[in-house]
Amino acid sequence: MNSTRFDINSLPRYSFLSAPKDKKKIHLQYDVVIIGSGAGGSVVAAELAKEGKRVLICEKGMYVHQENLSLLESDATRAMFERQGVLITEDGGVSVFAGSTFGGGNKKSIFFTWFL
């Protein structure tokens, strides 16, 4: 691509926050709060940050650095999927592989399996 829009150096930098273990109140001030770091949330956050907005992304999934990613499917499934890869309807009719990690479901593909 010849576009500078997707130049890695033009993207905003990010840092991680964790809730204090002592459960003391903390005060944060942001212009925008985005829920979810998936394909939609991360792109919107990057665009807003490039415009000078202070953006907070809230993500329930854990961040796993590339060096710590397992190449074993069973390990990756437990670490990067909702409910460790076991997410089914009450009647067992539908099973969903839903990503639950920093980067959202697009970091690890989302698969839908329909049992007929």
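Residues numbered from 1 in each chain as written. Predicted model: local features only at pLDDT ≥ 70, side-chain atom pairs only at ≥ 80, totals over all residues. Heavy atoms only, no water.

Draft legend 1. View of the overall build of the protein chain. Scanning the protein chain for helices and strands turns up two helices and four strands. N-terminal to C-terminal, the α/β element order of the protein chain is β-α-β-α-β-β. Counting the 116 residues in the protein chain, one finds 22% classified as buried. By sequence separation, contacts in the protein chain at least 24 residues apart represent 38% of the contacts at least 6 residues apart. For the protein chain, the accessible area works out to roughly 9400 Å², and carbon and sulfur atoms hold 56% of it. (Helix = DSSP H or I, 4+ residues; strand = E, 2+ residues; numbered from the N terminus. Buried < 20%, exposed > 50% of the residue type's maximum accessible area, 1.4 Å probe, protein only. Contact = heavy atoms within 4.5 Å. Areas by Shrake-Rupley, 256 points an atom, 1.4 Å probe, with all protein chains shown as cover.)

Draft legend 2. A look at helix 2 (residues 73-80). Three or more residues of helix 2 are buried, namely Ala-76, Thr-77 and Met-80. End-on, the buried residues of helix 2 take up no more than an arc of 100 degrees, which puts them together on one face. Summarising the contacts, the buried residues of helix 2 are in contact with strand 3 (94-97). (Arc of directions from axis to C-beta.)

Draft legend 3. Spatial organisation of helix 1 (residues 39-50). The end-to-end C-alpha separation of helix 1 is 17 Å, in line with the 16 Å expected for 12 residues at 1.5 Å each. For helix 1, the secondary structure elements touched by its buried residues are strand 1 (32-35) and strand 2 (55-58). (Expected span 1.5 Å × (residues − 1).)

Draft legend 4. Seen up close, the confidence of the model for the protein chain. For the protein chain, mean pLDDT is 76; residues scoring 70 or higher make up 79% of the total. Model confidence for the protein chain, summarised as mean pLDDT per element, is weakest for strand 4 (residues 111-114) at 38 and strongest for strand 1 at 94. Confidence drops under a pLDDT of 50 for residues 110-116, and excluding neighbours within four residues, the segment shows 16 contacts in the predicted structure. (pLDDT = per-residue confidence, 0-100.)

Draft legend 5. Up close: a nonpolar patch on the surface. On the surface, Leu-17, Ile-26, Leu-28, Tyr-30, Val-33 and Ile-35 cluster together to form a nonpolar patch covering roughly 610 Å² of accessible area. Relative to the helices and strands, Leu-28 is located in the segment before strand 1. (Patch = residues over 30% accessible without salt bridge, like charges linked within 9 Å, V, L, I, M, F, W, Y side chains within 5 Å. Salt bridge = Lys/Arg side-chain N within 4 Å of Asp/Glu carboxyl O.)

Draft legend 6. Geometry of the pairing of strand 1. By the bridge criterion, four bridges tie strand 1 to strand 2 in an arrangement that is parallel. The partner of Val-32 across the bridge, within strand 2, is Val-55. For the handedness criterion, the β-α-β arrangement of strand 1, helix 1 and strand 2 is classed as right-handed. (Pairing = 2+ DSSP bridges. Right-handed = clockwise from strand over helix to strand, strands pointing away.)

Draft legend 7. Local environment of the side chain of Ser-37. Structurally, Ser-37 is set in the loop between strand 1 and helix 1. Its relative accessible area of 5% is what places Ser-37 among the buried residues. For Ser-37, the side chain forms a polar contact with the side chain of Glu-59, separated by 2.7 Å. For Ser-37, the contacting residues outside a window of four places in its chain are Ser-42, Ile-57, Glu-59, Thr-101, Phe-102, Gly-103 and Gly-104. (Polar contact = N/O pair within 3.5 Å; in protein donor to acceptor, adjacent residues only side chain to side chain.)

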